[in-house]
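Okay, here's what each chain looks like letter by letter:
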Amino acid sequence: MTTMTAAGDAAHTRHHWWQHRTLSRFLRHRLAATGLAIILMLTLACLLGPHLLPYDELTVDLRARFSPPLTQDHYLGTDPLGRDIAARLLMAGRISLLVGFSVMLISTVFGTLIGVVAGYFRGWVGSVLMRIVDAFLAFPSIFLVLVLSAFVEPSPFMITVIIALTCWMEIARIVEAEILSLRERDFTIAARLSGASARWIMFRELVPNAMGPIIVAATLTIANAILLEAYISFLGYGIQPPLPSWGNMLNSAQQYLADAPWLAIVPGITITLAVSSFNFIGDGLRDALDSRSNLP
Amino acid sequence: MGRYLIGRLGQSIIVLFLVSLIGFMILNLAPGGPLSQFALTPGMSQADIQRIAAQMGLDRPLIIQYFDWLGRLLVGDWGDSFRDGRPVLEIIIEHLWATLLLMGTSMAVSIVIGIGVGIAGAVRRYSVFDYLATVGAMVALSIPTFWFGLVAIYLFALQLDWLPAGSMTTIGDGSVVDYLRHLILPTLVLSLVNVAIWSRYMRASTLEVLDQDFVRTARAKGLSRYRVLVHHIVRNALLPMITLAGLQLPTILGGALVAETVFTWPGMGRLFLDSIGYSDYPVVMGILMLSAIFVLLGNLLADLLVAITDPRVRLA
Amino acid sequence: MTLSHPPALAVRDLCVTFQRNGCETRVIHDIDFEIAAGETLALVGESGSGKSVTSMALMRLLGRQSRAAVTGQVALHAATEREPIDLLQIDDARMRQLRGRRIAMIFQEPLTALNPVHRVGDQIAEVVRFHSGSPRRQARAQALALLEQVGIPEPSSRLDSYPHELSGGMRQRVVIAMALAMEPDVLIADEPTTALDVTVQAQILTLLKTLQRDTGMAMLFITHDFGVVSEVADRVAVMYAGRIVEEGDVEAVLARPLMPYTAGLLASVPRLERAGLPGERLATIAGRVPDPASLPAGCSFQPRCTFAVPGTCDSAVPALASLKAGRRVRCTRAHELIPAEELSPCPQTS
């Protein structure tokens, strides 16, 4: 029991990453605030939108193939099968955003775990773990994702796992570096001296203090995951039709580029918008959580 | 310098070993494992497959199979393509130079532009230019490369008809101009992301140097603004860029793959995608392993360059 | 001190104003002083008193980034020129010609003041080549001579060393060699010994004095350490919150400070037994240097001053009164705190 109290006291000295000043600094970062607003609106639209549109995303209407945007009720036009692009875009958004968030969760948890263990134990454990991280980083992530998705049954779940498998290394690196410096700080030493267990120190003392960089990296991971999903789905190895995703909506776009450019433009702009929003949020968080940052 | 480089070399060898382990694991993940080619062959019974497996030594423990595979990898026996039976390494090398041409051109273009933009942004910090460059770089990093390729094709090939939409040459035209015309769009697309990355890193690096005392000393010496910038600021700000170039190699290689697929550029990326389509796993694995080796070599080269250019490392 | 010829450096009404977030903050208020050729003026004050900003303003090195507005006059009278040049009036190109040639500067941190990627010989030769356009080989020979002059052992092998291969003292000697390469008329030394060991400190101070005697340059020596002041300076000007509060010959000021702040500073230097004023209580000065953005009313030192009188000291900024023998003091109670004979004529104030 004494152990717990001592460690708890030490925890009081910890630097709280989420403070009022942080929030206001983040909001002052106009682009980050705009990004956050866009993501919220996009999420809301993807959740509610499909119920409000006159068409659903699967209804094939061969008489209305290749309708350009704003013909009748097809606000964003139709695809080669006459399906409503607006409806598909929003349903695809559900999938793509879900994949993005899930990848972020999986890779953040996994990467943090590896990073904390490597940073806390250092020595050969840390060395081996970090060399494994290096080994994964040596493969261009797109190559790895493509090979793996070609080898397995491409369900949304498997796609998520595969993308997560190529996204955790960056977080592991960041966390390891952070832990290496945190473990020498007074509160960690105090906790260690008072006999707190390694697990307690790692997850109650170190990880909460490394939260700032983790959150920034996690946000940027969502952006990266959405891009990766879009690319492999575009190539046909990701989310499989008839399930729409932003990437597989672009699937036939190259073929009909000359006649129906909106097939490419609409999902492409949506992806860019979503990804840059996440990037701007991550950037704003970096500024808000780290005053040393050089970005305006 | 010697000890530093030997340390880095040792690390790279360990990483290379781990890379091979990951590669072997992926190989065994393939449907049917290394035998998948026969699974697709009609008229082959399960018994036949088992006999071949025994012949190829696939009934041995995994660990022995791994070292066997690794040994063959080391002596350059990377297997034969399922598609046409030619040695994997031969096929890859055939496609390699197209990729290197594309990557090299893009690297050259994007380093020059990115570093220029980065320096200008840092020197004129918080100016309109700096703001636009920073936001522009963020957006550029957010545009899906393949989609940007489609847009470029739509604009410059389909609408304006200025440039070819894909491949590396026009059939029957082997002129340099023709090559260059085919090179422009893939380079443009591949460079977008690279310029963004370089400019952001260079900006941060320059800002860091700008604050340092020796810059003030250089100004106090009465040197011209140009000399202070080039000789003192940029010279120091470039040092971390070398390491970054090494670390960015996987991203650049991945970008090349994407650009190649959109523009049907006959390089390694295109070959990779085709081979996946044909379930030609030896070639797929070969490219995967080669790109990882390439990345590790790139990092080592970066370390070597740092050791040569940074006097503080040179003597460490 | 003969003032038959004009001073090498004459500063008049120097003001520096920073602009931050739309509001202006004046950090340097009407500084004026003169330094004759061969003379050393020490500018003393706590950190935050504006010493370094003053030196950077004189060199016109306050970057555009800091949005500093510098006004006043900085007249540099170079030995080679007939007329003094106002450094604040000339264009950037002209200023660059003078910087490093006629007015040079050395800095506090020899560790970071040298470019880590260039050989020290090249860094010294750079000044020579840039200002006199001498060919590479000649500049290198001159760099070698300079290294020898600043007392670096085995100068010919040190020429090709990188800064990180040298000790702190050696690096500071290199910085000095760089500053003296063109034999400037004025040298600004911004806390050049603060970052060094005590023994090395003494060596560097001796070196600076020797070099000054040889070249006859005027030296503005910035420091917070009265011990150093007594070793190098002829005269001393004490700065507080962006203003000069006292000035005079070193012996006079050290022996009998007129401003309570100076007395306080002196009392906090252990090796000087005599602190003059009835100020034995002032072993440390309570409080801290005020923020330039919100200076107290009246005398800036008044909130920390044990002699402050409400209604007098906090009503108006006291003038810098000139006394005899070039002595100046900025204190409304100076006439009460010092014997009458010290407060001789000179009613002229600034």
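All values derive from a computational prediction rather than experimental measurement.

Time to look at the domain arrangement of chain B. All names here are of chain B. Segmenting chain B into domains produces domain 1 (2–74) and domain 2 (88–309). Centre-to-centre separation of domain 1 and domain 2, based on C-alpha positions: 33 Å. Taken together, the contact between domain 1 and domain 2 spans 18 residues of the former and 13 residues of the latter. Taking both sides of the interface into account, the surface hidden between domain 1 and domain 2 amounts to around 1,200 Å²; carbon and sulfur atoms contribute 83%. Considering only the side of domain 1, the residues that lose the most area to domain 2 are Y4, L5 and V19, jointly responsible for 29% of the buried surface there. For the interface between domain 1 and domain 2, the tally reads one salt bridge. When the shortest N-O distance is used, the salt bridge between D303 and R8 registers 2.6 Å.

This part is about the nonpolar core. Membership of the largest hydrophobic core comes to 132 residues, with the highest contact counts inside it found for L146, I163 and W246 of chain A together with V19, I26, F146 and F272 of chain B. Top element by residues in this core is helix α4 (residues 85–121) of chain A. It accounts for 13 residues. In terms of domain composition, this core takes at least three residues from each of domain 1 (2–74) and domain 2 (88–309) of chain B. Excluding residues that lie within four positions of it along the chain, I26 of chain B makes contacts with L144, V147, L148 and F151 of chain A together with M285 and L288 of chain B.

Another point: the interface of chain A and chain B. With 46 residues of chain A at the contact, the number on the chain B side is 53 residues. Of the roughly 4,400 Å² buried where chain A meets chain B, counting both sides, 79% is carbon and sulfur surface. Our count for the contact surface shared by chain A and chain B stands at one salt bridge. Taken together, the connections running from chain A to chain B amount to five residue pairs in polar contact (both at pLDDT 80 or more). Of all the elements in the fold, those that place two or more residues in the side of chain A that touches chain B are α5 (123–138), α6 (141–151), α11 (211–235) and α13 (262–289) of chain A. Ranked by residues supplied to the side of chain A that touches chain B, first place goes to α13 of chain A with twelve residues.

Once their charged atoms are close, side chains differing in charge can pair, the charge on each being opposite to the other. What the rule picks out here adds up to 28 salt bridges over all chains. Here D134 of chain A ties to R131 of chain A by a salt bridge, and the two come within 3.0 Å at their closest N and O atoms. Of the two residues, D134 of chain A and R131 of chain A both sit in helix α5, three residues apart, roughly one turn of that helix. For R131 of chain A, a relative accessible area of 15% puts it in the buried group. Between E46 of chain C and R304 of chain C there is a salt bridge, and its shortest N-O distance comes to 3.3 Å. With E46 of chain C in the loop between β3 (40–44) and α1 (51–58) and R304 of chain C in the loop between α11 (260–267) and β11 (321–322), this residue pair connects regions lying 258 residues apart in the sequence. Salt bridges linked by common partners bring D32, E39, R235, E247 and R328 of chain C together as one network.

Take the interface of chain C and chain B next. Counting residues at the interface gives 29 residues for chain C and 25 residues for chain B. Here chain C meets chain B over a buried area of about 2,500 Å², counting both sides, of which 55% is carbon and sulfur. Broken down residue by residue, the surface that chain C buries against chain B is led by V117, E126 and F130 of chain C, which jointly contribute 23%. Our count for the contact surface shared by chain C and chain B stands at three salt bridges. A salt bridge links R225 of chain B to D92 of chain C; the shortest N-O distance between them is 3.0 Å. Between chain C and chain B we count 13 residue pairs in polar contact (both at pLDDT 80 or more) in total. Those elements giving two or more residues to the side of chain C that touches chain B turn out to be α2 (92–98), α3 (110–113) and α4 (120–132) of chain C.

Residue and element names in this part refer to chain A. The predicted model of chain A has a mean per-residue pLDDT of 81, with 87% of residues at 70 or higher. Across chain A, the secondary-structure element scoring lowest on mean pLDDT is helix α1 (residues 2–12), at 37, and the one scoring highest is helix α7 (residues 156–165), at 92. Contacts for the low-pLDDT stretch residues 1–19, under 50 throughout, to residues beyond four places or in other chains number 26 contacts. Within the model, pLDDT remains below 50 along residues 291–296, and this stretch shows 19 contacts once partners closer than five positions in the same chain are excluded.

The omega torsion of the bond from P241 of chain A to P242 of chain A falls at 10°, within 30 degrees of zero and hence cis. Within the secondary structure layout, P242 of chain A lies in the loop between α11 and α12 (246–249). Although it is not a glycine, R122 of chain A sits at a positive phi angle of roughly 45°. In this fold, R122 of chain A is placed in the loop between α4 and α5. A positive phi angle, close to 55°, is found at R60 of chain C, a residue other than glycine. By secondary structure assignment, the location of R60 of chain C is in the loop between α1 and β4 (68–76). The class for R60 of chain C is partly exposed, based on a relative accessible area of 22%.

Quick look at the packing of aromatic side chains now. Tallying each qualifying case throughout the model produces 17 aromatic pairs over all chains. A ring pair is formed by F24 of chain B and Y66 of chain B, whose centres lie 5.3 Å apart and whose planes are at 65°; its orientation type is edge-to-face. Here F24 of chain B, found in helix α1 (residues 2–29), pairs with Y66 of chain B, found in helix α4 (residues 62–74); they are 42 residues apart in sequence, far enough to count as distant. One exposure class covers both F24 of chain B and Y66 of chain B, and it is buried. Ring-pair connections join several aromatic residues into one group, and the members of that group are F17, F24, Y66, F67 and W69 of chain B. Cation over ring: R183 of chain A sits above Y120 of chain A, and NZ or CZ is 5.4 Å from the ring centre.

Let us look at the sheet that holds strand β8 (residues 218–223) of chain C. Residue and element names in this part refer to chain C. Spatially, eight strands are ordered β6-β7-β8-β3-β9-β10-β12-β11 in an open sheet, and the strand pairing comes out mixed. Among the strands making up the open sheet, the edge pair consists of β6 (103–106) and β11. Relative to β8, β3 runs parallel, the two sharing five bridges. Bridge pairing in β8 links V44 to T223.

Calculation rules
Residues numbered from 1 in each chain as written. Chains lettered and ligands numbered in written order. Predicted model: local features only at pLDDT ≥ 70, side-chain atom pairs only at ≥ 80, totals over all residues. Heavy atoms only, no water. Domains from an automatic or database assignment. Contact = heavy atoms within 4.5 Å. Buried area = accessible area lost by both parts, 1.4 Å probe. Salt bridge = Lys/Arg side-chain N within 4 Å of Asp/Glu carboxyl O. Core = buried A, V, L, I, M, F, W, Y, C linked by side-chain atoms within 4.5 Å. Buried < 20%, exposed > 50% of the residue type's maximum accessible area, 1.4 Å probe, protein only. Helix = DSSP H or I, 4+ residues; strand = E, 2+ residues; numbered from the N terminus. Polar contact = N/O pair within 3.5 Å; in protein donor to acceptor, adjacent residues only side chain to side chain. pLDDT = per-residue confidence, 0-100. Phe/Tyr/Trp six-rings, centres within 6.5 Å; stacked < 30°, edge-to-face > 60°. Lys NZ or Arg CZ within 6 Å of the ring centre and 35° of its normal. Pairing = 2+ DSSP bridges.

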